[in-house]
Amino acid sequence: MSDPHFQTADDFRSLLADAPAVLTVTDADLEVKFASPAVERVLGYDTDSIVGSDWLDFVHPEDRERVRAALAATASSADTGTEYRFRDAEGDWVWIESFTGDGPERELDYRVFSSRDVSERPRFEAQFNQFVTHTSDVLTVFDRQGTVQYISPSVERVLGYDQSVMQDADLFEYVHPDDLPEAIEEFGRMIEDPSHHATIEHRYRTADGEWIWTESRGKQITTGPLAGQILVTTRDVSERKHHEQELKRQNQRLERFSDAISHDLRNPLDVLDGSLELARETGADEHFDRAERSIDRMYTLIDDLLVLAKRGVDPDDVEPVDLADVARRAWSMVETRDATLELAADAPIEADGGALLELLENLFRNAVEHGGSDVTVTVGTEPWGFYVEDDGDGFTDGTDEVFDPGYSTATDGTGFGLCIVEQIVDSHDWDVIATASESGGARFEFVCRND
């Protein structure tokens, strides 16, 4: 029974003319014996002008040997096709892709192949290469064992690694050990569940050996030649993480502030209330004096609490500062009585100068209040950072609670001086250690981390 769609030869010719590809028949030497009518629409030639010509005469000189090997060879290129430049009727070079057959025609010394215009494909590939090179994301294709099958050139700009070095690498080796379990778990879920979209934040080790925060989004590819593999895009989110961590610190400061307001202002308010009541009843000056002292106490507490709530460090304000110079200025701003300042600081400190000044003021005030009016305070530098120590009485109750908000062993202390010191330390991403000096006084060591 004949095909109802092809009632006549004209129907078949119409189909060939409207087809997206040109059907061509050549002999073994690629001389054209037949070209379908689509050749006029696709390449601009009429069938009579191209029949009898050598197909290779229209092929770009740089592509001819490759095309000869693909089209004239006995092996078929039907699976992959062959892309090359072809001169159209207007003399322009267009990209076409040809697919050859692998049927009995090869044994009869003629070739049948179809060709289609793929001029837009190189342009798309060029645009894609531009995208993967300049995008802020690193595009990675993994096999099911986690080995890199492809990684975009942007890896050099984002992570510092050469693209060729990362090819076939195991990127899990570059993930921070603390983040590795979640990364492996999410990768396994993408393999087991093709519908699973993974989004994780983790730290990557850069080519400089530093850890940066990244966000990776991935999913299993389910169609096409990459089906079954895992596609992941990764971007640097270090700045966002910094802002999130700073916001967390600010919230912690505000929480401390609210707790302190509710707790530590209650006592001087109670004293003030009682003093005013007694003053009304007796008119004695001592009650007014006590009320005035309570008011002064509240002002001091509020000033300290506001510093605790607001103090943060902008990374742009961190720079090398002269520790000895800042220490002299801080000493001049504190009522030091007969106390003495000694300096052994011979190296600059990377710090926010204003915050460092405030830190030293609190330490100096604390030393004088707890160590006595004739205490000697020493400020010095070490390879790991700097220290502040005195020759006073030291930590009579140990060091476990010295940084707690409101903790003080002095009768008129607010208990927020060392808490503010710790807040400034945290803002710089330093460590502080409270210990005893060689003379038995208090010593604070500030470890300025470089990582």
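**Observations concerning the overall build of the protein chain**
So, step 1. The secondary structure content of the protein chain amounts to 14 helices and 17 strands.
So, step 2. Every one of the 451 residues in the protein chain was classed for burial, and the buried ones make up 42%.
So, step 3. Looking at the protein chain alone, contacts between residues at least 24 apart form 53% of all its contacts between residues at least 6 apart.

**Considerations on the nonpolar core**
So, step 1. Among the nonpolar cores identified, the biggest contains 40 residues, and L356, L359, L360, F364, F386 and F446 are the most heavily contacted of them.
So, step 2. Going through the elements one at a time, α12 (323-332), β13 (349-352), α13 (353-371), β14 (376-382), β15 (385-390), α14 (417-428), β16 (431-436) and β17 (442-447) are the ones with two or more residues in this core.
So, step 3. If we ignore the near neighbours within four places in the chain, the residues touching L360 are L323, V326, A327, A330 and V388.

**Focus: the pattern of salt bridges**
So, step 1. Counted by the stated rule, this structure contains 18 salt bridges.
So, step 2. With a closest N to O distance of 3.3 Å, D63 and R66 form a salt bridge.
So, step 3. The exposure class of D63 is buried, given its relative accessible area of 4%.
So, step 4. Residue classification places R66 among the partly exposed residues on the basis of a relative accessible area of 40%.

**Regarding the packing of aromatic side chains**
So, step 1. Tallied over the entire structure, the rule returns ten aromatic pairs.
So, step 2. Where W55 meets F86, the ring centres are 4.7 Å apart and the plane angle is 40 degrees; that geometry is what we call tilted. Highlighted residues: W55 in the loop between α3 (47-50) and α4 (64-71) and F86 in strand β3 (residues 82-87), separated in sequence by 31 residues. There is no split in this pair, since W55 and F86 are both buried.
So, step 3. Ring geometry for W331 and F364: centres 5.1 Å apart, planes at 75 degrees, overall edge-to-face. Linking W331 in helix α12 with F364 in helix α13, this pair joins segments that are 33 residues apart in sequence.
So, step 4. Put simply, the rings of Y45, W55, F58, F86 and F113 pair up and form one aromatic cluster.
So, step 5. Between the NZ or CZ atom of K241 and the centre of the ring of W213, over which it lies, the distance is 4.3 Å.

**As for the packing of α12 against α13**
So, step 1. In the contact formed by α12 and α13, the axes pass within 9 Å of each other and the chain directions differ by 55 degrees. Here α12 lies oblique to α13, going by the angle between them. Handedness of the α12/α13 crossing: right-handed. Residues L323, V326, A327, R329, A330 and W331 of α12 pack against G353, L356, L357, L360, E361 and F364 of α13.
So, step 2. For the contact of α12 with α13, the per-class residue count stands at nine nonpolar, one polar and two charged.

**Observations regarding the side chain of K241**
So, step 1. With respect to the helices and strands, the residue K241 is situated in helix α9 (residues 238-264).
So, step 2. A distance of 3.3 Å separates the side chain of K241 from the side chain of E201, its partner in a polar contact.
So, step 3. Leave out the neighbours within four places in its chain, and K241 touches E201 and W213.

**Thoughts on the pairing of strand β2 (residues 32-35)**
So, step 1. Both strand β1 (residues 22-27) and β2 contribute to a ladder of three bridges, which runs antiparallel. Across the sheet, residue T26 finds its bridge partner in β2, namely V32.

**Considerations on the pairing of β14**
So, step 1. Across the seven residues that make up β14, a large majority, six, are buried.
So, step 2. Relative to β14, strand β12 (residues 340-344) runs parallel, the two sharing five bridges. Within the sheet, the bridge partner assigned to T340 lies in β14 and is T376.
So, step 3. Two strands pair when backbone bridges link them, and β14 and β15 are joined in this way by six bridges, in the antiparallel orientation. Within the sheet, the bridge partner assigned to V379 lies in β15 and is V388.
So, step 4. Count of turn residues in the β14/β15 antiparallel hairpin: two residues.

**Quick look at the confidence of the model for the protein chain**
So, step 1. Looking at the protein chain, pLDDT values average 81 and 77% of them are 70 or higher.
So, step 2. Segment residues 409-414 is flagged for pLDDT under 50; beyond a separation of four residues in sequence, or across chains, it makes eleven contacts in the model.

**Description of the sheet that holds β2**
So, step 1. Read across the sheet, five strands follow the order β2-β1-β5-β4-β3 without closing on themselves; strand pairing throughout is antiparallel. Lying at the two open borders of the sheet, with one neighbouring strand each, are β2 and β3. Averaged over all neighbouring strand pairs, the angle between strand axes comes to 35 degrees, with direction disregarded.
So, step 2. Each of β3, β4 (93-100) and β5 (110-117) is contacted by α4, which is oriented at about 125 degrees to β3, the strand it contacts most.

**So, a negative patch on the surface**
So, step 1. A surface patch of like charges, here negative, comprises D285, E286, D289, E292 and D296.
So, step 2. Summarising the element assignment, E286 is placed in helix α11 (residues 285-310).
So, step 3. Judged by relative accessible area, which is 56%, E286 ranks as exposed.

**Quick word on helix α8 (residues 180-192)**
So, step 1. The first and last C-alpha atoms of α8 sit 18 Å apart over 13 residues, in line with the 18 Å expected at 1.5 Å per residue.
So, step 2. Regarding α8, the residues found buried are A183, E186, F187, M190 and I191. End-on view of α8: buried residues confined to an arc of 145 degrees, all on one side of the axis. Across α8 from its buried face, at more than 90 degrees, point the exposed residues P181, E185 and E192.
So, step 3. Contact partners of the buried residues in α8: β6 (137-142), β8 (198-205), β9 (211-220) and β10 (230-236).

**Considerations on the side chain of H176**
So, step 1. Positionally, H176 belongs in the loop between α7 (163-166) and α8.
So, step 2. Sequence-distant contacts of H176, defined by excluding residues within four places in its chain, comprise R203 and W211.

Reading the values: the criteria
Residues numbered from 1 in each chain as written. Predicted model: local features only at pLDDT ≥ 70, side-chain atom pairs only at ≥ 80, totals over all residues. Heavy atoms only, no water. Helix = DSSP H or I, 4+ residues; strand = E, 2+ residues; numbered from the N terminus. Buried < 20%, exposed > 50% of the residue type's maximum accessible area, 1.4 Å probe, protein only. Contact = heavy atoms within 4.5 Å. Core = buried A, V, L, I, M, F, W, Y, C linked by side-chain atoms within 4.5 Å. Salt bridge = Lys/Arg side-chain N within 4 Å of Asp/Glu carboxyl O. Phe/Tyr/Trp six-rings, centres within 6.5 Å; stacked < 30°, edge-to-face > 60°. Lys NZ or Arg CZ within 6 Å of the ring centre and 35° of its normal. Axes fitted to C-alpha atoms, helices over the stretch in contact; angles between N-to-C directions. Parallel < 35°, antiparallel > 145°, perpendicular 65-115°, else oblique. Left-handed = near helix turned anticlockwise from the far one by under 90°. Nonpolar A, V, L, I, M, F, W, Y, C, P; charged D, E, K, R; others polar. Polar contact = N/O pair within 3.5 Å; in protein donor to acceptor, adjacent residues only side chain to side chain. Pairing = 2+ DSSP bridges. pLDDT = per-residue confidence, 0-100. Patch = residues over 30% accessible without salt bridge, like charges linked within 9 Å, V, L, I, M, F, W, Y side chains within 5 Å. Areas by Shrake-Rupley, 256 points an atom, 1.4 Å probe, with all protein chains shown as cover. Lys, Arg positive; Asp, Glu negative; His and termini not counted. Charge placed at Lys NZ, Arg CZ, Asp CG, Glu CD. Expected span 1.5 Å × (residues − 1). Arc of directions from axis to C-beta.

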